[in-house]
Amino acid sequence: MLTRHQRVFFIVPAVLAVLALWICLGGAPAAAQGEVGLGKNQIRAALAVDQSTAGFYVVQGNYEIRDVTTGQTVGVMPGQGRWTVSPIGAAALYIEFNGAGVQGLGGGSVLLHQTGAGETALFRYQDRRYRGDLWLVNSNGKIQVINVLELEEYLYGVVPREMGSSGIPAEAYKAQAVVSRTYACYSKTTSRNYDVGNTESTQVYGGFDAETQAACAAVDQTRGQVIYYDNQIIQAAFSSNAGGYTEAAENVWSEPRPYLQPVGSPEDAAALNWAQTAEGWPAVTYQWEKILSLPDVNVLIQEWNASHGSDAINIGEFRELKAYPVRMDAVTRQWTGEATQSGRVTRLDFVGSQGTKSFYRDQIRSVLGLRSTLFEIMGAMEMRVMTADMTAVNLDITQCYGVDADGTAALVNEGKGGYFILGSDGVKEIKPGDSSQIIITGRGYGHGVGMSQWGAI
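Residues numbered from 1 in each chain as written. Predicted model: local features only at pLDDT ≥ 70, side-chain atom pairs only at ≥ 80, totals over all residues. Heavy atoms only, no water.

A. Expanded view of the overall build of the protein. Assigned secondary structure in the protein consists of eight helices and 31 strands. Residue burial in the protein is summarised as follows: out of 457 residues, 48% are buried. Put simply, of all contacts in the protein between residues at least 6 apart along the chain, 68% involve residues at least 24 apart. A total accessible area of about 21,100 Å² is found for the protein, and carbon and sulfur atoms account for 49% of it. (Helix = DSSP H or I, 4+ residues; strand = E, 2+ residues; numbered from the N terminus. Buried < 20%, exposed > 50% of the residue type's maximum accessible area, 1.4 Å probe, protein only. Contact = heavy atoms within 4.5 Å. Areas by Shrake-Rupley, 256 points an atom, 1.4 Å probe, with all protein chains shown as cover.)

B. Region of the structure containing the packing of aromatic side chains. Summed over all chains, the structure comprises 13 aromatic pairs. Taken together, a centroid distance of 5.3 Å and an interplanar angle of 90 degrees make the contact between W304 and F359 edge-to-face. Linking W304 in helix α6 (residues 294-307) with F359 in strand β22 (residues 355-360), this pair joins segments that are 55 residues apart in sequence. Grouping aromatic residues by their ring pairs yields a cluster made of F123, Y130, Y154 and Y205. The lysine or arginine in question, K357, covers the ring of F359, its NZ or CZ lying 5.3 Å from the ring centre. Over the ring of Y445 we find R371; its NZ or CZ atom is 5.0 Å from the centre of that ring. (Phe/Tyr/Trp six-rings, centres within 6.5 Å; stacked < 30°, edge-to-face > 60°. Lys NZ or Arg CZ within 6 Å of the ring centre and 35° of its normal.)

C. Region of interest: the packing of helix α3 (residues 170-187) against helix α4 (residues 213-221). Running from N to C, α3 and α4 cross one another at 60 degrees; their axes reach a closest spacing of 8 Å. In terms of orientation, α3 lies oblique with respect to α4. Between α3 and α4 lies a crossing of right-handed hand. Contacts between α3 and α4 involve Y173, K174, A177 and R181 from the former and A214, A215, A218, V219 and Q221 from the latter. Residue composition of the contact of α3 with α4, grouped by class: six nonpolar, one polar and two charged. (Axes fitted to C-alpha atoms, helices over the stretch in contact; angles between N-to-C directions. Parallel < 35°, antiparallel > 145°, perpendicular 65-115°, else oblique. Left-handed = near helix turned anticlockwise from the far one by under 90°. Nonpolar A, V, L, I, M, F, W, Y, C, P; charged D, E, K, R; others polar.)

D. Layout of the nonpolar core. Grouped together as the largest cluster of nonpolar side chains are 67 residues, with contacts concentrated most on L136, V145 and Y154. Sorting elements by how many residues they give to this core places α3 first, with eight residues. Setting aside chain neighbours within four positions, we find V145 in contact with A45, A46, L47, A48, Q51, A54, Y125, L134, W135 and L136. Residues L292, L300, L321 and I377 belong to the second largest nonpolar core, which totals 22 residues. (Core = buried A, V, L, I, M, F, W, Y, C linked by side-chain atoms within 4.5 Å.)

E. The confidence of the model for the protein, seen in detail. Within the protein, residue pLDDT values average 85, and 80% of them lie at 70 or more. Taken together, the stretch residues 1-16 has pLDDT below 50 and engages in 90 contacts with residues farther than four places along the chain or on a different chain. A low-confidence stretch, residues 25-34 (pLDDT under 50), is modelled with 29 contacts involving residues beyond four sequence positions or located in other chains. (pLDDT = per-residue confidence, 0-100.)

F. Structural context of the environment of A45. One can find A45 in strand β2 (residues 42-51). Residues A45 and V145, 100 residues apart in the sequence, show an inter-C-alpha distance of 8.6 Å. With residues near it in sequence (within four places) discarded, A45 still touches V145, I146, N147, Y154, V196, G197 and Y205.

G. Representation of the pattern of salt bridges. Counted according to the given criterion, the structure contains 13 salt bridges. Salt bridges here are not isolated pairs; linked through shared partners, they connect R131, E153 and E211. (Salt bridge = Lys/Arg side-chain N within 4 Å of Asp/Glu carboxyl O.)

H. Representation of the sheet that holds strand β8 (residues 100-101) in the model. Judged by pairing direction, the sheet is antiparallel, and its six strands sit side by side in the order β8-β7-β6-β3-β10-β11 without closing on themselves. Among the strands making up the open sheet, the edge pair consists of β8 and β11 (128-131). Pairing geometry for strand β6 (residues 82-88) and strand β7 (residues 92-97), over six bridges, is antiparallel. Bridging across to β7, P87 finds its partner in L93. (Pairing = 2+ DSSP bridges.)

I. A look at α6. When the terminal C-alpha atoms of α6 are compared, their 21 Å separation across 14 residues agrees well with the 20 Å that a helix rising 1.5 Å per residue should span. When we look at burial in α6, the residues that qualify are V297, L300, I301 and W304. Down the axis, α6 shows its buried residues gathered within 100 degrees of arc, on one side only. Exposed residues pointing more than 90 degrees away from the buried face of α6 are listed as P295, Q302, E303 and A306. Buried residues along α6 sit in contact with β17 (287-293), β18 (318-324), β21 (347-352), β22, α7 (363-368) and β30 (437-443). (Expected span 1.5 Å × (residues − 1). Arc of directions from axis to C-beta.)

J. Structural context of α4. Among the residues making up α4, those that are buried are A215, C216, A218 and V219. Along α4, the residues classed as buried sweep out an arc of 155 degrees about the axis, all on the same side. Those residues of α4 that are exposed and aimed more than 90 degrees away from the buried face are Q213 and Q221. Of the surrounding secondary structure, the elements contacted by the buried residues of α4 are α1 (151-156), α2 (159-163) and α3.

K. Structural detail: the sheet that holds strand β4 (residues 63-67). Taken together, six strands build an open sheet; the order of strands is β2-β13-β12-β9-β4-β5 and the sheet is antiparallel. Of all strands in the sheet, those bounded by a partner on one side alone are β2 and β5 (72-73). Bridge count between strand β12 (residues 133-139) and strand β13 (residues 142-150): seven bridges; the pairing is antiparallel. When the bridges of β13 are listed, L136 appears paired with V145.

In structure tokens:
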């Protein structure tokens, strides 16, 4: 779920983008399969795909069921009973109402269509209520379950799931509404039956049950507003927390975007001041740490290889992780020797006895299971300190002296026990001689491109 805990908020310099009344794909809704929901100001959100069956109820309002292939209305009113739709082969459907088969269907696509004008009509699918229509399609023997509704009503169920349902400033809600509306318009397509999903892979959508008065008000107050660049609707990227600095699109994905450039986002630290959960949420969206033992790394490699056979890590005995925060040239598409402006890692090397396996850009998060790519790697034999000019450096603790309370100085690695360091994140024990751990310290949550939601909050 891409909530305020997981997504990044999008801020666009005025010189690059403007707000304007939006126009998505034009044309009125048609009856032919593949054209449902392509009307102006409509959106098609996939609630589920690849289903063996799909059941739903009408909760309130007036509906009818249409055979999309023929355009005919099936002669059974939904009432308050349960409807079940199952595929027949790769191109037909079988429908039951309260256990009895429904006649009059001629194809593999049906639409539960709202008929009452000006009323709030709702249906229920998988214990959640939704506005608008429900489109069910047999796609190669599996059911696609698609909610077709007005874009503004869709946003009612997106903004509170993306930003949070309580305590969010009104202006942050408005910004999320504009960005989510822009993202939805950018995602409109004729290449498949739906435009967006309902999870963090696109935008989190919770339907009618997710709606709140404050979020709906923000949608209404920004109605019709989207962001343009060079007369085109932009790819409105966002994630939970940029960790203090956003990133250029080409350093996270393959394509550069002139309006997705790195900027400072110091307001992301607001997550530290929010009410914290027992798990440290949301502070851990801004700063976090992950410690990996050598067995942990070996398990990670085994699990990755089990599910990524064509992209396996075959390096023999693991020895080291190396991180490189180098940026890509947006014009030549070549990696440079310069660091990314935010400090994000764009290349990660698994070094072993029989070679090196490299990962790039946002895939690094996946392979290591990290919150973001804004991180540094230290071994347990390293210590991070601040110099007199406030520059942070990593030092080899085998060459460091510690001074105790009575003024005695000694190499910190001479004792057999541990020693303690007081840092911004509290007191931490370091055990000299333990080189079996990899310490990853990072900031942010998400890809870091575009809008930081915690920054907006």
